[in-house]
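# Breakdown of the fold
The chain contents come next:
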Amino acid sequence: MPDLAFDHHFEPGTAGDTLLLLHATGGDERQLVPLGRQLAPGAALLAPRGQVLENGRVRRFFARRGPADLDLDDLRERTTGLAAFVGDTLAQRELDPARVTALGYSNGANVAVELLFSHPGLLHAAALLRPVLAYEPEQPLTGLDRTSVLIAVGDADPYGPSEQIERLTELLREGGADVEVAVQPAGHELTEGDFTAVGDWLARVR
């Protein structure tokens with residue numbers, strides 16, 4: 001049974017929407033809060049802390065055996081727990097479930113991808129910063145026809161080869177999502193160009 005007791009940071013908003021902040025490997029629930037405040041002023045901020053502690057010190061949302069060897073069973077189970085936590089938190093805090101946008105970086109972006117794959121309709125929109133395609137879905141994606149997605153990639157990112165990003169884009173579009181791709185001259189790190197692209201995109205989809 002997925003653990004629903006996520007430690008998290010929450011800030012109420014005034015604009016009626018919620019930004020779900022999903023940190024990278026080694027981050028925590030406060031990693032993306034300043035960015036969320038900057039890019040989505042007035043949004044409520046909900047930032048859970050990943051439940052996996054890798055090597056006793058590095059926080060993640062799901063387990064892995066190596067940098068490119070992800071534990072897919074753990075990914076699916078923990079994402080199910082995260083989806084339940086988000087739904088429960090929205091209800092408890094009386095937040096609009098139709099106005100939730102995820103902002104995930106690296107490991108957090110991969111969890112957001114799994115939310116889109118396995119829990120369509122939970123997210124109104126998702127900004128995926130340096131994601132990977134963890135696996136090829138066995139069934140065609142559905143239920144994303146009202147979902148907007150931004151994929152922010154670095155053209156020199158060693159973890160997100162272009163063919164993988166192209167396939168992720170294709171899968172999401174086949175599921176009905178409106179997908180934009182923003183490419184920066186960068187690696188896995190984020191740049192000012194990423195922040196500008198996400199800010200412009202959020203202004204359109206919020």
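Report follows, based on the coordinates. Predicted, not measured: the structure shown is a model, and the values here were computed from it.

## Points about the packing of aromatic side chains
Applying the stated criterion across every chain yields a total of two aromatic pairs. Measuring from centroid to centroid gives 5.2 Å for Phe6 and Phe85, while their planes differ by 35°, and the two rings are tilted. Of the two residues, Phe6 is situated in the segment before β1 (8-11) and Phe85 in helix α2 (residues 72-92); the sequence distance between them amounts to 79 residues. Overall, the relative accessible area of 5% leaves Phe85 in the buried class. An angle of 90° between the planes, with centres 5.8 Å apart, marks the rings of Phe117 and Tyr135 as edge-to-face. Pair noted here: Phe117 is in helix α3 (residues 107-118) and Tyr135 is in the loop between β9 (125-129) and β10 (148-154), with a separation of 18 residues, a long-range link. Residue classification places Tyr135 among the buried residues on the basis of a relative accessible area of 15%. Over the aromatic face of Phe62 sits the side chain of Arg60, whose NZ or CZ is 4.9 Å from the ring centroid. Positioned above the aromatic ring of Phe10 is the side chain of Arg93, whose terminal nitrogen or guanidinium carbon lies 3.9 Å from the ring centre.

## What to know about the pattern of salt bridges
Inspection of every chain in the model, using the stated rule, returns 14 salt bridges. With a shortest N-O distance of 4.0 Å, Asp71 and Arg65 are connected by a salt bridge. Taking the shortest distance from any N to any O, the salt bridge between Arg130 and Asp194 comes out at 2.8 Å. Linking Arg130 in the loop between β9 and β10 with Asp194 in helix α5 (residues 192-205), this pair joins segments that are 64 residues apart in sequence. Among the residues examined, Arg130 registers a relative accessible area of 1% and is labelled buried. Sharing partners across several salt bridges, the network here consists of Asp7, Glu29 and Arg49.

## Describing α3
Residue pairs three or four apart in sequence face the same way in an α-helix, which turns once every 3.6 residues. The first and last C-alpha atoms of α3 sit 17 Å apart over twelve residues, in line with the 16 Å expected at 1.5 Å per residue. Every buried residue of α3 is listed here: Asn107, Gly108, Ala109, Asn110, Val111, Ala112, Val113, Glu114, Leu115, Leu116 and Phe117.

## A look at the packing of α2 against α3
Interhelical geometry of α2 versus α3 gives an angle of 80° and a closest axis separation of 10 Å. As far as their axial angle goes, α3 and α2 are roughly perpendicular. Side by side, α2 and α3 meet where Leu75, Arg76, Thr79, Leu82 and Ala83 of the first sit next to Asn110, Val111, Glu114 and Leu115 of the second. Within the contact of α2 with α3, the residues separate by chemical class into five nonpolar, two polar and two charged.

## Quick look at the nonpolar core
Core analysis: the biggest nonpolar cluster contains 43 residues, and Leu20, Phe117, Leu123, Leu128, Ile151 and Leu172 have the highest contact counts within it. For this core, the secondary structure elements donating two or more residues are β2 (18-22), β3 (44-48), α2, β8 (100-105), α3, β9, β10 and α4 (162-174). Excluding its chain neighbours within four sequence positions, the residues that come into contact with Ile151 are Leu128, Pro131, Ile165, Leu168, Thr169, Leu172, Val179, Glu180, Val181 and Ala182. By size, the runner-up hydrophobic cluster in this structure holds 24 residues, among which are Leu32, Ala40, Leu129 and Leu202.

What counts, and where the lines are drawn
- Residues numbered from 1 in each chain as written.
- Predicted model: local features only at pLDDT ≥ 70, side-chain atom pairs only at ≥ 80, totals over all residues.
- Heavy atoms only, no water.
- Phe/Tyr/Trp six-rings, centres within 6.5 Å; stacked < 30°, edge-to-face > 60°.
- Helix = DSSP H or I, 4+ residues; strand = E, 2+ residues; numbered from the N terminus.
- Buried < 20%, exposed > 50% of the residue type's maximum accessible area, 1.4 Å probe, protein only.
- Lys NZ or Arg CZ within 6 Å of the ring centre and 35° of its normal.
- Salt bridge = Lys/Arg side-chain N within 4 Å of Asp/Glu carboxyl O.
- Expected span 1.5 Å × (residues − 1).
- Axes fitted to C-alpha atoms, helices over the stretch in contact; angles between N-to-C directions.
- Parallel < 35°, antiparallel > 145°, perpendicular 65-115°, else oblique.
- Contact = heavy atoms within 4.5 Å.
- Nonpolar A, V, L, I, M, F, W, Y, C, P; charged D, E, K, R; others polar.
- Core = buried A, V, L, I, M, F, W, Y, C linked by side-chain atoms within 4.5 Å.

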